[in-house]
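# Commentary on secondary and tertiary structure
Here is how the chains run, residue by residue.
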Amino acid sequence: MRLVHLDLKGAAPRVSYLEQVFPFLSQLGANGILIEYEDMFPFKGELEILRSPYAYSEEDIEQIQQLAQQHKLEVVPLVQTFGHVEFILKHEKYQHLREVERFPNSFNPHAPSTLALLKSILAQVMEKHRRSTWIHIGADEVFHLGEGMDSKSWMSRNKGDVGTMYLKHIKEVLGFLTAQYWGLRVLMWDDMLRKISVGALRAGCLSSAHSRGRPGTWHAWCWQEPMPRPVGMRAGEPQGSSCCWHQCQCPCPALPADSGIAKHVSPMVWFYAPDFEAEHIAAPEAMVWLSPSCRYDHYSVLCELLPVSIPSLAICLQTLVNGGFTEEAKRKVLDVLGLESVQLEQSTCEGRGAFPGVEIYHMVEQVNGHLKESILKALEEESAIKGWFSPYHRKRQFGNPRNMESFGSKVLKLHEDWESFVRDLRAQLERVYFPDTVEEWLEEYINPYLDQLRALVRDYR
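Residues numbered from 1 in each chain as written. Predicted model: local features only at pLDDT ≥ 70, side-chain atom pairs only at ≥ 80, totals over all residues. Heavy atoms only, no water.

## Concerning the overall build of the protein chain
Selection criterion: Helix and strand labels come from DSSP, where a helix needs a run of H or I of at least four residues and a strand needs a run of E of at least two; each type is numbered from the N terminus. The rule is simple: take the accessible area with a 1.4 Å probe, protein chains only, and divide by the maximum for that residue type; under 20% is buried, over 50% is exposed, in between is partly exposed. Contacts are residue-level and defined by heavy atoms, with any inter-residue pair within 4.5 Å sufficient. In this description, accessible areas are obtained by the Shrake-Rupley approach with a 1.4 Å probe, and a residue is regarded as covered only by the protein chains that are shown.
Counting its regular elements, the protein chain contains 15 helices and 10 strands. Burial statistics for the protein chain: of 461 residues in total, 56% are counted as buried. Across the protein chain, the fraction of contacts at a sequence separation of at least 24, relative to all contacts at a separation of at least 6, is 71%. For the protein chain, the accessible surface area stands at approximately 20600 Å², while carbon and sulfur atoms represent 49% of it.

In structure tokens form, the structure reads like this:
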């Protein structure tokens, strides 16, 4: 299965945009959508506090699934159940469930209310995904596990370690899901499992008939590098994944991505479902997922906009379909996206394009290529500004109009052009995103530079 991971913890698109995107994903070779809702899910009752002000409605969730079904895309909901739960533990109501009191990253697996809360969250999500035959429980990057007082006491009493404690919690989550939802298959990330010995994994029996857990390998920073083996696995012994394969280089997920075709889709990762009970660890099923990362975690800045990642996503999908970025794959990408050419080495594509959000793609190119450069050039290289309109002059409103007129018209024109551009960009963003995303993106990537020009123009006038 070729899954596209929609990570909605940042820049969640409107359903009307997904309606445009799903047909393109299907044409390009995707056959599944991994949806990490986080606070965009319409939680209700005791869980309503978890909802974003712009969360999807129940009708939206149903429409997303209908659209996916229409375009032969299987929907796999992703619910984080151990780490990456900042959207839950940031609330005072749930602070007592933190592994470490001052950090909202991870659950305390020993608090009685932790599992009860997770059951409620999973039940609400599954209630709205009755068509789904898979669920993903996350369980990656459980930072600070073992550092809480309850965990230290548990390890001391049970002569256990962080690995056995992790497996105990995962088995409880899997036990609930498989008891409540017959036939449901469960996926999880495997990074925490890689730190655990093969013997402990076999003893944990994550893929037994009882728990049916399917660890999915991922490695966000590799570039055709071997996947680290679980502790104690011998070289040459079959393992969950022999390597991670990338077509597109990953940007640093905590920073904004530049506009370009080879910088936007985080890892293309082979997924395997190892059978930890077998004599050898086998890989009976395979999946691949592509993740245009919008935000590294709940507290980080936005690092991606989905429209900007579409050319790269298209290249990755067609590379998977064809076993490489062949001429056939290239022709398909150009045809579907309405482009004239793509150059992987230069990370560029030519042509106006005809894919959803193409206007945003080109406008982000403008921002990335010209906004900062043009404003800093005006502020720092214009000799008349440096000599007769310095911060000292502006603070004291002290200047000679004769000298100021030598740069005034140029600065005013630059300001007018960029303000007009930003109005158009805002309008395009508002068609795809909710107001919070629009404001955050403009504040992070436009205002730091444009505000300098705005202040100069204000003082000049």
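## Description of the confidence of the model for the protein chain
Applicable threshold: Values of pLDDT, the confidence the predictor places in each residue, fall between 0 and 100.
Mean pLDDT for the protein chain: 83, with 82% of residues reaching 70 or above. Of all helices and strands in the protein chain, the one with the weakest mean pLDDT is strand β7 (residues 269-272) (37), whereas helix α2 (residues 58-70) scores best (98). Every residue in residues 217-257 scores below 50 in pLDDT, and together they form 121 contacts with partners more than four places removed in sequence or on other chains. When the criterion is pLDDT under 50, residues 262-284 qualifies, and its contacts beyond four places in sequence or with other chains add up to 108 contacts.

## Notes on unusual backbone geometry
For His84, which is not glycine, the phi torsion reads 55 degrees and is therefore positive. Inspection of the secondary structure puts His84 in the loop between β3 (74-78) and α3 (86-89).

## Looking at the side chain of Gln318
Here Gln318 is to be found in helix α8 (residues 306-322). If near-sequence neighbours (up to four positions away) are discounted, Gln318 is found in contact with Gln27, Leu28, Gly324, Ala329, Lys332 and Val333.

## Some words on helix α1 (residues 15-28)
Spelled out, the test is: Helix span, as expected, comes to 1.5 Å for every residue beyond the first. Working definition for bend: take the seven residues up to and ending at a residue and the seven starting at it, fit an axis to each, and measure the angle between the axes.
In a regular helix each residue adds 1.5 Å, so 14 residues correspond to 20 Å; α1 covers 20 Å between its end C-alpha atoms and thus fits that length. Where α1 bends most, the angle comes to about 25 degrees, and this point is Val21, followed within four residues by the proline Pro23. The set of residues buried in α1 consists of Val15, Tyr17, Leu18, Val21, Phe22, Phe24, Leu25 and Leu28. Against the buried residues of α1 lie β1 (2-7), β2 (32-36), α2, α8, α9 (327-337) and α13 (401-432).

## Details of α8
Look at α8: 23 Å from first C-alpha to last across 17 residues, which is about the 24 Å you get at 1.5 Å a residue. The sharpest bend along α8 measures roughly 35 degrees and falls at Ser312. Summarising burial for α8: 15 of the 17 residues are buried, a large majority. Following α8 by one or two positions, Gly323 adopts a phi angle in the positive range, close to 75 degrees.

## Focus on the packing of α13 against helix α15 (residues 447-460)
Counted only if it meets this: Axes, fitted as lines to C-alpha atoms, cover a helix only where it is in contact. Angles between the N-to-C directions of the axes lie from 0 to 180 degrees. Any angle that is under 35 degrees is reported as roughly parallel, and any over 145 degrees as roughly antiparallel; angles of 65 to 115 degrees are reported as roughly perpendicular and all others as oblique. Left-handed describes a crossing whose near helix is turned anticlockwise from the far helix through less than a right angle; right-handed describes the clockwise counterpart. All residues other than Ala, Val, Leu, Ile, Met, Phe, Trp, Tyr, Cys, Pro, Asp, Glu, Lys and Arg, Gly among them, are scored as polar; the first ten of these are nonpolar and the last four charged.
For the pair α13 and α15, the least separation of the axes is 10 Å and the interaxial angle reads 135 degrees. As the angle between them shows, α13 and α15 are arranged oblique. Pair α13 / α15 crosses with left-handed handedness. Here Met404, Glu405, Phe407, Gly408, Val411, Leu412, Leu414, His415, Trp418, Glu419 and Val422 of α13 lie close against α15, whose contacting residues are Leu450, Leu453, Arg454, Leu456, Val457 and Tyr460. A class-by-class count of the residues in the contact of α13 with α15 yields 12 nonpolar, 2 polar and 3 charged.

## Description of the packing of aromatic side chains
Worth spelling out the cut-off: Here a Phe, Tyr or Trp ring, Trp counted by its six-membered ring, pairs with any other such ring whose centre lies within 6.5 Å, and the pair is stacked when the planes are under 30 degrees apart, edge-to-face when over 60, and tilted otherwise.
If you walk through the whole model with that rule in mind, you get 9 aromatic pairs. Taking the centre distance of 5.5 Å and the plane angle of 65 degrees together, the rings of Tyr37 and Phe41 count as edge-to-face. Like Tyr37, the residue Phe41 is buried in the burial classification. Three or more aromatic residues joined by ring pairs form one cluster here, namely Tyr37, Phe41 and Phe43.

## A few points about the pairing of β3
For the record, the criterion: Here, strands pair whenever DSSP counts at least two bridges between them. Orienting the strands away from the viewer, one traces the path from the first strand over the helix to the second; a clockwise path indicates a right-handed crossover.
The buried fraction of β3 is high, at 4 of 5 residues. Relative to β3, β2 is paired through 5 bridges, and the arrangement is parallel. In the strand pairing of β3, Leu34 is matched with Val76. Traced from β2 through α2 to β3, the parallel crossover comes out right-handed.

## Details of the packing of helix α10 (residues 358-381) against α13
Their axes nearest at 11 Å, the elements α10 and α13 cross at an angle of 155 degrees. Taken together, the axis directions place α10 and α13 in an arrangement best described as roughly antiparallel. Every pair of crossing elements has a handedness; the one defined by α10 and α13 is left-handed. Across the interface between the two elements, Glu359, Ile360, Met363, Gln366, Val367, His370, Leu371, Ser374, Ile375 and Ala378 from α10 touch Leu414, Trp418, Phe421, Asp424, Leu425, Gln428, Leu429 and Val432 from α13. Considering only residue class, the contact of α10 with α13 consists of 12 nonpolar, 4 polar and 2 charged.

## Examining the pattern of salt bridges
What counts, and what does not: Only one rule defines a salt bridge in this text: a Lys or Arg side-chain nitrogen within 4 Å of an Asp or Glu carboxyl oxygen.
As enumerated under the stated definition, the model contains 14 salt bridges in all. Of the charged contacts in the structure, one is a salt bridge between Asp7 and Lys9, with a shortest N-O distance of 3.0 Å. Each member of the pair, Asp7 as well as Lys9, carries the same accessibility label: buried. The partner of Asp417 in a salt bridge is Lys413, with the nearest N and O atoms 2.7 Å apart. One end of the pair is Asp417 and the other is Lys413, both in helix α13 and 4 residues apart, which spans about a single turn. Look at the salt bridges and you will find they share partners, linking Asp7, Lys9 and Glu36 into a network.

## What about the nonpolar core?
Cut-off, in case you're wondering: To form a nonpolar core, buried Ala, Val, Leu, Ile, Met, Phe, Trp, Tyr and Cys residues must be joined to one another through side-chain atoms within 4.5 Å. These domain boundaries are the output of an automatic or database domain assignment.
Within the largest apolar cluster, 123 residues are counted, with the highest numbers of intra-cluster contacts made by Phe22, Tyr56, Ile88, Tyr166, Leu337 and Trp441. Taken domain by domain, the makeup of this core includes at least three residues from each of domain 1 (2-347) and domain 2 (360-460). Beyond its immediate chain neighbours, meaning those up to four positions away, Trp441 contacts Leu302, Leu305, Val364, Val367, Leu425, Leu429 and Ile446.

## Comments concerning the environment of Met126
Assignment of secondary structure puts Met126 in helix α4 (residues 112-127). Judged by its relative accessible area of 5%, Met126 is buried. C-alpha separation for the pair Met126 and Tyr181, spaced 55 residues apart in sequence, amounts to 8.7 Å. Discounting residues that sit within four places of it in the chain, Met126 has contacts with Ile135, Tyr181 and Leu184.

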